[in-house]
Amino acid sequence: MARISYVNGRYVHHHQAMVHVEDRGYQFSDGIYEYIAFYNRRLLDAELHLKRLERSLKALQISMPVTSVAFPVIMRELIERNGRNDGGLYLQITRGVARRDHPFPKHTKPALVMTICAAKLPKEHEVKNGVKVITRPDLRWARRDIKSISLLANVLAKQDAAKHQAREAWLIEDGLTISEGSVSNAYIVTKSGEIVTHQADQHILGGITRDVVLRLARKARIDVAERAFNTVEMKDAAETFLTSTSANILPVVMIDGAPVGNGKPGTVTRKLQELYAAHVLKQTGKAL
């Protein structure tokens, strides 16, 4: 079956999907994006993703390109046209096409593009045995809560992680505070069993998986603290893990070449993996 994309109101073959050379997303990174996982052709936590999308658009003063009712309809139709049971839906909205000039142009129409890709699930051994992480300085801009398409600093950090055969790079702000990963949220579990992760403010992108996992943890009566943690606490943690839409929940067993705790996934992380798998199964019928 041919790969189909959605571009500004039209479903087109992927190789024919194009945007204008003066689209402000291309010239200024003037736009936002979302990535939504789907299983059995059912979108996971779509409502939460679309709420975050609306918040990002409002922060950049970009209007919605279609109604909130139309969004799920378009997404479901795109999934059906691609004939893929499991995968990811990437959508991008930019301010639109205008003559190159830094101030917001008047009367532009936002551009909406959606594509379907294969599922980015982690490998079985990563889920079972955990992954390695490196730390790097956080070079990003000051409004990380906006899911902006301006991701160059994230790309550089992720490439550095790949170079060192690590799954992710955790970003350090002011030489001490862990904000989040280049493409994920970061967590420690203290020796008392408390989950600690940076509060959802302008310093991090509040992940949808993060929100779900914290809700599941509190429901299971696991202590949660939403606050910044530093590298000293990270090194002293009993467990560490990361979350994202594509990775779900992954144990982190080594940071900068040093083992975390006993170097194996911990009991709190394992419990969260079980709770999240049940959440996915309930929504989509997919067993992770």
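In what follows, the structure referred to is the one given above.
Since we're looking at a predicted model, the values are computed, not measured.

Novice: Outline the overall build of the chain, supporting the account with residue identities and numerical values.
Specialist: Assigned secondary structure in the chain consists of 8 helices and 16 strands. In summary, the chain has a C-alpha radius of gyration of 19 Å against a globular reference of 19 Å for 288 residues, a match within 12%. Projected onto the principal axes, the alpha-carbon positions of the chain cover approximately 55 × 40 × 35 Å. Counting over 288 residues, the chain shows a buried share of 48%. At a minimum sequence separation of 6, the contacts of the chain that also span at least 24 residues come to 71%.

Novice: Please provide a residue-by-residue account of the layout of surface pockets, values included.
Specialist: In this structure, the largest pocket encloses a volume near 960 Å³. Along the walls of the largest pocket sit 41 residues, with Tyr33, Lys147, Ser182, Val183 and Ser184 positioned nearest its centre. Secondary structure elements with two or more residues in the lining of the largest pocket: β3 (31-39), α2 (46-60), α5 (152-163), β9 (177-181), α6 (208-219) and β14 (239-244). With 5 residues, α5 is the single largest residue contributor to the lining of the largest pocket. Grouping the amino acids of the lining of the largest pocket by side-chain chemistry returns 16 nonpolar, 14 polar and 11 charged. Considered as a void within the structure, the second largest pocket measures approximately 280 Å³ in volume. Along the wall of the second largest pocket there are 14 residues; nearest its centre are Pro122, Val127, Asn248, Ile249 and Leu288. Top element by residues in the lining of the second largest pocket is helix α8 (residues 267-284). It accounts for 3 residues.

Novice: Run through the packing of aromatic side chains, naming residues and quoting values.
Specialist: One pass over the structure, following the stated rule, counts 3 aromatic pairs. Seen in terms of ring centroids, Tyr6 and Tyr11 are 5.2 Å apart; in terms of plane orientation they differ by 65°. Their pairing is edge-to-face. Overall, the relative accessible area of 6% leaves Tyr6 in the buried class. Overall, the relative accessible area of 25% leaves Tyr11 in the partly exposed class. When the centroid spacing of 4.3 Å and the interplanar angle of 10° are considered together, the rings of Tyr187 and Phe241 count as stacked. In this pair, Tyr187 sits in strand β10 (residues 185-189) while Phe241 sits in strand β14, placing the two residues 54 residues apart along the sequence. Looking at Arg95, its charged tip hangs above the ring of Phe104, at a distance of 3.5 Å from the centre.

Novice: Talk me through the pattern of salt bridges; I want residue IDs and the actual numbers.
Specialist: Going through the model one piece at a time under the given rule, you end up with 20 salt bridges. Put simply, Arg144 and Asp138 hold a salt bridge, and the shortest N to O gap is 3.3 Å. Of the two residues, Arg144 and Asp138, both sit in the buried class. With a closest N to O distance of 2.8 Å, Glu233 and Arg227 form a salt bridge. Residue Glu233 is classed as partly exposed on the basis of its relative accessible area, which comes to 27%. Each of Asp138, Arg140, Arg144, Glu173 and Glu180 takes part in salt bridges that share partners, so that together they form one network.

Novice: Describe the nonpolar core, naming the residues involved and giving the relevant values.
Specialist: Ranked by internal contacts, the top residues of the largest apolar core, which has 25 residues, are Leu53, Phe71, Met75, Leu89, Leu91, Ile93 and Met114. Contributing elements (two or more residues each) for this core: β1 (4-7), β3, α2, α3 (70-82), β5 (87-94) and β6 (111-117). Not counting the four nearest positions on each side in its chain, Met114 is found in contact with Ser5, Tyr6, Phe71, Ile74, Met75, Leu78, Leu89, Tyr90 and Leu91. Formed by 19 residues, the second largest nonpolar core is a distinct cluster that contains Ile195, Val212, Ile222 and Phe241.

Novice: Mind laying out the pairing of strand β7 (residues 131-137), listing which residues take part and the relevant values?
Specialist: Here 3 bridges tie β7 to strand β15 (residues 248-255), and the two strands are oriented parallel to one another. When the bridges of β15 are listed, Val133 appears paired with Ile255. Both β7 and strand β8 (residues 168-173) contribute to a ladder of 5 bridges, which runs parallel. Each bridged residue has a counterpart across the sheet, and for Arg136 the counterpart in β8 is Leu171. After leaving β7, the chain enters α5 and then returns to the sheet as β8, a path that is right-handed.

Novice: Report on α6, specifying residues and quantitative values.
Specialist: With 12 residues, α6 extends 17 Å between its outermost C-alpha atoms, agreeing within 8% with the 16 Å of an ideal straight helix rising 1.5 Å per residue. All of the buried residues along α6 are Ile208, Thr209, Arg210, Val212, Val213, Leu214, Leu216 and Ala217. One or two steps after α6, the chain reaches Arg221, where phi turns positive at roughly 65°.

Novice: Describe the environment of Lys58, with residues and values.
Specialist: Positionally, Lys58 belongs in helix α2. Taking the relative accessible area as the measure of exposure, Lys58 reaches 71% and is therefore exposed. When the C-alpha positions of Lys58 and Tyr187 are compared, they lie 28 Å apart, and in sequence the two are 129 residues distant.

Criteria and thresholds
Residues numbered from 1 in each chain as written. Predicted model: local features only at pLDDT ≥ 70, side-chain atom pairs only at ≥ 80, totals over all residues. Heavy atoms only, no water. Helix = DSSP H or I, 4+ residues; strand = E, 2+ residues; numbered from the N terminus. Rg over C-alpha atoms; globule rule 2.2 N^0.38 Å. Buried < 20%, exposed > 50% of the residue type's maximum accessible area, 1.4 Å probe, protein only. Contact = heavy atoms within 4.5 Å. 1 Å grid on protein atoms, 1.4 Å probe; cavity = no way out; pocket = protein on both sides within 12 Å on 5 of 7 lines; lining within 4 Å. Points joined across faces, edges and corners; volume = space filled by probe spheres on them. Nonpolar A, V, L, I, M, F, W, Y, C, P; charged D, E, K, R; others polar. Phe/Tyr/Trp six-rings, centres within 6.5 Å; stacked < 30°, edge-to-face > 60°. Lys NZ or Arg CZ within 6 Å of the ring centre and 35° of its normal. Salt bridge = Lys/Arg side-chain N within 4 Å of Asp/Glu carboxyl O. Core = buried A, V, L, I, M, F, W, Y, C linked by side-chain atoms within 4.5 Å. Pairing = 2+ DSSP bridges. Right-handed = clockwise from strand over helix to strand, strands pointing away. Expected span 1.5 Å × (residues − 1).

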